[in-house]
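# Understanding the architecture of this molecule
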Amino acid sequence: MALDSDDISRLYAVHAGDVLRFFARRTLQPEVAVDLMAETFAQAFVDRARFRGSEDGAAVAWIFGIARNQLGKYFRRGVVERRSIQKLGLQLGSLSDPDYERVEELAGLQSRRIAVAAGLAELSMAHREALQLRVVEERSYPELARALGITEQTARARVSRALRTLAKATEHLEESPDHA
Amino acid sequence: MPESNDMPTIVQTFGAELAAAMRAVERAPKARNRTRVTLAALVAISAATAVVLFAVLAGHGSGLTSNALADPLARAARAALRQPSLFPHDDQYYYVRTEGTQPVGMSIGISSPDVRAGGPGVTATETIIVDRWQSANRIGVQRTTVAALHFESADDAVAWKRNHGVKPGSTSSFRLPRSHGAYYIDIGRYGQLTRRQVLALPSSPAALYARLVPKKAIARFLRRAPAQVRQLEAEYGSLKHYIASYAFDAIASSFEQGPMPPALRSGLFGALALIPGVTNIGNDQDLAGRTGAAITFTDPHHHILTELIFDPQTSALLGIRQTSTRTSGGFKAGQVVENLSYLNEAVTNHLTIPHTRELH
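I will try to describe carefully the structure that is included in this document. Here the structure is a predicted model, which means the values were calculated and not measured. (Residues numbered from 1 in each chain as written. Chains lettered and ligands numbered in written order. Predicted model: local features only at pLDDT ≥ 70, side-chain atom pairs only at ≥ 80, totals over all residues. Heavy atoms only, no water.)

### Looking at the overall build of chain A
When its secondary structure is counted, chain A shows nine helices and zero strands. Each helix and strand of chain A, ordered N terminal to C terminal, gives the series α-α-α-α-α-α-α-α-α. Each principal axis of the C-alpha atoms in chain A carries an extent, and together these give about 65 × 30 × 30 Å. In chain A, buried positions account for 53% of the 180 residues. A separation threshold of at least 6 residues defines the contact pool for chain A, and within that pool the share at least 24 residues apart is 68%. Here chain A has roughly 8000 Å² of accessible surface; of this, 49% comes from carbon and sulfur atoms. (Helix = DSSP H or I, 4+ residues; strand = E, 2+ residues; numbered from the N terminus. Buried < 20%, exposed > 50% of the residue type's maximum accessible area, 1.4 Å probe, protein only. Contact = heavy atoms within 4.5 Å. Areas by Shrake-Rupley, 256 points an atom, 1.4 Å probe, with all protein chains shown as cover.)

### Some remarks on the packing of helix α1 (residues 5-27) of chain A against helix α1 (residues 9-27) of chain B
Axis separation between α1(A) and α1(B) bottoms out at 10 Å; the angle between their running directions is 155 degrees. Taken together, the axis directions place α1(A) and α1(B) in an arrangement best described as roughly antiparallel. The interaxial crossing formed by α1(A) with α1(B) has right-handed handedness. The segment α1(A) lies against α1(B), with A:Ser5, A:Ile8, A:Ser9, A:Tyr12, A:Ala16 and A:Leu20 engaging B:Val11, B:Phe14, B:Gly15, B:Leu18, B:Ala19, B:Met22, B:Arg23 and B:Glu26. Tallied by class, the residues present in the contact of α1(A) with α1(B) amount to nine nonpolar, three polar and two charged. (Axes fitted to C-alpha atoms, helices over the stretch in contact; angles between N-to-C directions. Parallel < 35°, antiparallel > 145°, perpendicular 65-115°, else oblique. Left-handed = near helix turned anticlockwise from the far one by under 90°. Nonpolar A, V, L, I, M, F, W, Y, C, P; charged D, E, K, R; others polar.)

### Some remarks on helix α9 (residues 239-257) of chain B
Taking 1.5 Å of rise per residue, 19 residues should cover 27 Å, and α9(B) covers 27 Å from first to last C-alpha, within 8% of that figure. Counted residue by residue, α9(B) has 15 buried out of 19 residues, so it is predominantly covered. (Expected span 1.5 Å × (residues − 1).)

### Looking at the pattern of salt bridges
Residues and elements named next belong to chain B. One pass over the full model with this rule turns up 13 salt bridges over all chains. Put simply, Asp-71 and Arg-75 hold a salt bridge, and the shortest N to O gap is 3.5 Å. A residue pair is termed a helical-turn pair when its members lie 3 or 4 positions apart in one helix, as Asp-71 and Arg-75 do in helix α3 (residues 70-82) at four residues. Note on Asp-71: relative accessible area 27%, which makes it partly exposed. A relative accessible area of 29% places Arg-75 in the partly exposed class. What emerges from the salt-bridge pattern is a single network uniting Arg-97, Asp-131 and Arg-143. (Salt bridge = Lys/Arg side-chain N within 4 Å of Asp/Glu carboxyl O.)

Dropping the structure here:
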């Protein structure tokens, strides 16, 4: 079955949300997820002659194959390709605040935030402070220890315990592999 | 279009624009078909080349070491077998540091209310350093630091700052999800090979090439999808060029991903030599200024020339450079679309920067 623009449009109408969710959950960044989703479908059209299936199910699997490839490239290179988007003469605007929140909602990022917030609330002030300095401000353990007036060993222990608490708070959100 | 009460507006808008762009492409006059190479001729050429090059790589051949393409690739293939394995276990991390440049049209994180109609709001080239820890069964991390920004004009620099574009020195990190035991080697089913399956892949160049270009599947495709074959011929110039592009992309992508067993690395260097259109251009420098052997391949459909720069003494991939060969899609002919250097790599058990083997 050869794909044409109508086929790609139809697949986009039905599956753009799934592909967006796929990227949002893996990158945790709504702008990146939208870029990757757009490039995936643009590439699907540009490379449509490569599709060798004979039914819609195969086409969906093929599109997710492109999506995984795009995700791999993003993780390797740190930026999103837009070659197929540009080849089609398209542009992708920036994400408005409502769209940003909607992508987060679709990806269940809000539930992750709630889980992380719940985990943070369980921590003592001392553990929360250690975590903030280490993870958010990316301080080294010697710096952290000096800032908090504790030994380096104690600093490591506090951060480790805080991370374990957060991991436990979010472990129910880990998912099995997505659509093949 | 996606349900309007579900999808963000940008998704709906893009969908409509994509549909219009696709229809415009389909209505445009088609390129004329070029001469078709029959499948039989393609396989015969590939098989003959495979036999000759396999003999060279196995050290039995003589008089062919002056082969301009085979020599650096053959040396890299032999060198790969002498290197310690950097193929991690499922619960280990493969760590790599890269330095890369990218035109800003492909950058992220910029909110630009000044985007002018018909073009990007600002033009810049970002140099980024990426530290990546990836694992099959553990959550990894990718940390990106903006090392430098280069603007094409002073106006762009002003607009960038006004729109709160990223600054040099800024760092962002995010988690890399575990791949649930899958390795992204593009030989066979992409993204779905387990460690055991990767280790079971053939290591001879001819066998790897046969997996990339399976005769029976191609023959079936030719019989059952003549319309698609015609389209591929129109886009790539010939089916031979399409198959070569496909094979080159698969191997280059697998090298970029990084971790693979030494025998597979060796075989893939050999398989590169079997692909029609792969050219040895002698030595070249990567983004980091290191000199290595360089091979190129041009994708005629996407108008991109890809250059792989590697050290034939150690088989290390030093860098990848991609250049637009035609003015189209926002790129000028000769413009470097991407320039990436691999600086360090290691297998590690922790999310720390290990003592690494500096590449080259």
